[in-house]
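# Working through the structure, step by step
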Amino acid sequence: MPLTTESRLAPTGYLRRLRRGAAAVLATAVLGTVGAVLPAASAHAVGPAQLVYMTDAFAKTFVAYDLSSGSVAGTVPVGERPGPVAVSPDGSQVWVGNQFGNSISVIDSATLTVTATLTGGQYPSGIAFSPDGAHVYVAENRAGHAGIDVFDTATRTVSASIPTAYSVSALAPTPDGSRLYAAVSGDVAVISTATNTVTASIPTADRRAIGGLEISPDGAKVFATNVNTGTLSVVDTVTGTLAGSVQINRFAGSLALSPDGARAYVVATDSGGTGSLATVDTATLTVSGVLAVPAMSVLADPDGSRLYVTTSNRDMVVVDTATSAVVSTTPAGARASYTVLAPTKAPTVTGLTPDHGTTGGGTTVTVTGTDLTGTTAVTFGGVPASNVTVVDDHTVTATAPAHAAGSVDLTLTTGGRTVPAGTYTYQRPAPVVTGLTPDHGSTAGGTTVTLTGTGLTGTTAVTFGGVPATAVTVVDDHTVTATAPAHAAGTAGVTLTTAGGTAPAGTYTYQRPAPAVTAVTPAQGPLAGGTTVTLTGTDFTGATAVTFGSTPATAFTVENDGRITATAPAATAVGTVDITVTTPAGTSTVTAADSYAYAYDFGGFQGPVTNPPAVNQAHAGRAVPMKFSLGGDRGLGILAAGQPSVQQTDCTTGAPIGTPAPAASAGGSSLQYDPATATYTYVWKTDKAWTGTCRTFTLGLNDGTTHTARFRF
């Protein structure tokens, strides 16, 4: 039935109504307020809580519920009608107020056993620990006396009592422990913990009964639910006045705040007794959402991600605050109006070794710190690690997952708490070079070399004997091309560098470039050889051979890198050959510049004909014997086509007149050879009409040479 508690009820009237059953609604209103304001909770790192402690008034039990497994971790029998529950900041002990038993059960959280039962407390309606855990505040509602007893946790005895004007339904100490806020009937009493005296009383929207009491994270406001009017009141702690209120439903009870204080979660009940959970925007004091769940109490996880709601169906409902969706519903083992989150000791990470590894993952990382027992996850940039192993309370190992290159944040989760664990840098794996093609080139550089392997993406440098290559191009992760720099002859180690490191890439042999012949002087010589020929070019140093055609030079001397003198060998036939030079780097390429012509050893025209520049006097119409020697019998096919020939010339200037014409032979004779004198003779028949003119006789040979004699007729 709905509670109709009168304004400022005397303690006895208040107690009488609670015992008659109207307390059920008020108990719902008070749910979890002690646990919600425990200062230890706000100090936790982000991550879901593990345990919820609750009391079941009708079963006379204390229940520990494990959120991680969604099951009851233990049940402890306590006194008559257990109600308010509080846990010490270090989580070692839990105090339960047995309202009908007028006692307090002290429970060891490690063993889940009652270690002490404190008597004398009259209808304890609220319990809260001081932030340092040295004191416990217990609200009592004795006949004719309402107030708060201050217990010394070391001796478990009352060290002081704080009288209040009316009954106290909820307690909330400030995080620094300097003040204690108490729900006194419908007012918020401000208590100095230094003097244990009430210093102020601030009215709420309804001055009868308060169900839930919460302090904003900045301490500037106190939120209180008004049971009988279904409102949420906001008290300004600076001005000591009511700052505002919002209507939630017909009745309002348990209250929890988000860690940032932006939202208030209120258990509400309509006039028909149907429960729900309302979300209030604390900035605008408006209801932003209502979840249809038969709620009895609500707790907010310190990370703000979850709400833990007990229901009249004896269930624990977990709600995702981001989506307002129910994550899970499991049996809670109690019909609980009073709940509190058990503090979990956040792990502390002090070391990360190594703090870097390859993008492929697989590096075993050791995380060191304190309170690491129970570690369930390690993440690298949000990606879960594998093989997470708890070595001991100070050491956890994990295998880094694959990740893109760069720095990522590590987190470690243990005891339901997630904490930062340092920064890990992902590096591309060190490159591996498996091939180098070609593996040799000229000392002048310029050779395009292809390197193959793995992990070559991001290559920043290739060096040859410490000298940087040019035109370094990453084709893909397996191929890089680079232009070899100039380098002295010999072998040079090649390296390739990426962000992942520098790798050996093989050995490259620098060779002097093959020689090149650019000029030949003179460019012709006799078949008999013996001509001293000067070769001009490049890279002649170390020359091992000079050849004329396919015949080695009789001798050669390398005068410098660009000059060789060589003695032409004898040849068996006239014609042009290529002179090549060979060094250890190779043989010069044949070009037009290295041509050398073998010619007949023409000794000049013999008497009676004289050679230029002399001009022979002759009688027109008579035959002139043109005799010459070629150094031996070269056969009669020595004449070039159309040879010999005759050309009229200007007797003064020697300039040609007209066109050449074949030189006629006397009596139709042809070229003759006299072995006895090794002399060739061509009897030239002149024309009588040439009288008074000048003519040039030209002997063209098939070795490409021409020989002339001048005549005046």
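Summary of the structure given here. Because the structure is predicted, anything quoted here is derived from the model rather than measured.

So, about the overall build of the protein chain. A count of helices and strands for the protein chain gives three helices and 65 strands. Computed over its C-alpha atoms, the radius of gyration of the protein chain comes to 57 Å, more than 25% above the 27 Å expected for a compact globule of 713 residues. Principal axes of the C-alpha set define a box for the protein chain whose edges measure 175 × 50 × 45 Å. Relative to its 713 residues, the protein chain shows a buried fraction of 50%. Within the protein chain, contacts between residues at least 6 apart in sequence are counted, and of these 50% link residues at least 24 apart. Approximately 28600 Å² of the protein chain is accessible, and the part contributed by carbon and sulfur atoms is 54%. Side chains of the protein chain carry 31 positive and 42 negative charges; the gap between the two charge centres is 6 Å.

Of note, Ser276 is situated in strand 22 (residues 275–281). With residues near it in sequence (within four places) discarded, Ser276 still touches Asn249, Val266, Val267, Ala268, Val290, Leu291, Val293 and Ala295.

Moving on to the state of the cysteines. This structure, assessed with the given rule, holds one disulfide. The disulfide that involves Cys651 links it to Cys694, with 2.0 Å between the sulfurs. Its S-S torsion of about 120 degrees marks the bond between Cys651 and Cys694 as right-handed, since a negative value means left-handed. Note that Cys651 is positioned in the loop between strand 60 (645–649) and strand 61 (656–662) and Cys694 in strand 64 (residues 694–700), a separation of 43 residues in sequence.

Applying the stated criterion to the full structure yields 24 aromatic pairs. Ring centres of Tyr424 and Tyr426 lie 5.0 Å apart, and the angle between their planes is 75 degrees; on these two criteria the pair is classed as edge-to-face. Of the two residues examined, Tyr424 and Tyr426, each falls in the buried class. Ring-pair connections join several aromatic residues into one group, and the members of that group are Phe602, Phe605, Phe628, Tyr673, Tyr680, Tyr682, Trp684, Trp690, Phe697, Phe711 and Phe713. Taking NZ or CZ as reference, Arg81 lies 5.1 Å from the ring centre of Phe100, over its face.

What follows deals with the sheet that holds strand 16 (residues 210–215). Across the sheet, four strands lie side by side as 16-17-18-19; this open sheet has antiparallel pairing. Bordering the open sheet on either side are strand 16 and strand 19 (241–247), each of which pairs with just one other strand. The mean angle between the axes of side-by-side strands here comes to 20 degrees, regardless of whether they run parallel or antiparallel. Strand direction decides the pairing type here: strand 17 (residues 221–226) and strand 18 (residues 231–236), joined by six bridges, are antiparallel.

With that settled, the discussion passes to unusual backbone geometry. Of note, the amide linkage connecting Thr353 to Pro354 takes the cis form, showing an omega dihedral of -10 degrees. Position of Pro354 relative to the elements: it lies in the loop between strand 29 (348–353) and strand 30 (356–358). Of note, the bond from Gln643 into Pro644 is cis; its omega dihedral lies within 30 degrees of zero at 0 degrees. With respect to the helices and strands, Pro644 occurs in the loop between strand 59 (623–628) and strand 60. At Leu112, a position not held by glycine, the phi torsion is positive, near 50 degrees.

With five of six residues buried, strand 18 lies mostly within the body of the structure. The loop that links strand 17 with its antiparallel partner strand 18 comprises four residues; one of these, Gly230, has a positive phi angle of about 65 degrees. Two successive antiparallel strands, strand 18 and strand 19, enclose a turn made up of four residues, where Gly240 displays a positive phi of approximately 70 degrees.

Right, let's talk about the sheet that holds strand 38 (residues 432–437) for a bit. With antiparallel pairing, the four strands of this open sheet are ordered in space as 38-40-44-43. Of all the strands in the sheet, the pair left with one neighbour each is strand 38 and strand 43 (470–476). Put simply, the sheet's adjacent strands are angled 20 degrees from each other on average, direction ignored. By the bridge criterion, five bridges tie strand 38 to strand 40 (residues 448–454) in an arrangement that is antiparallel.

Reading guide: rules and limits
Residues numbered from 1 in each chain as written. Predicted model: local features only at pLDDT ≥ 70, side-chain atom pairs only at ≥ 80, totals over all residues. Heavy atoms only, no water. Helix = DSSP H or I, 4+ residues; strand = E, 2+ residues; numbered from the N terminus. Rg over C-alpha atoms; globule rule 2.2 N^0.38 Å. Buried < 20%, exposed > 50% of the residue type's maximum accessible area, 1.4 Å probe, protein only. Contact = heavy atoms within 4.5 Å. Areas by Shrake-Rupley, 256 points an atom, 1.4 Å probe, with all protein chains shown as cover. Lys, Arg positive; Asp, Glu negative; His and termini not counted. Charge placed at Lys NZ, Arg CZ, Asp CG, Glu CD. Disulfide = S-S within 2.5 Å. Phe/Tyr/Trp six-rings, centres within 6.5 Å; stacked < 30°, edge-to-face > 60°. Lys NZ or Arg CZ within 6 Å of the ring centre and 35° of its normal. Pairing = 2+ DSSP bridges. Axes fitted to C-alpha atoms, helices over the stretch in contact; angles between N-to-C directions.

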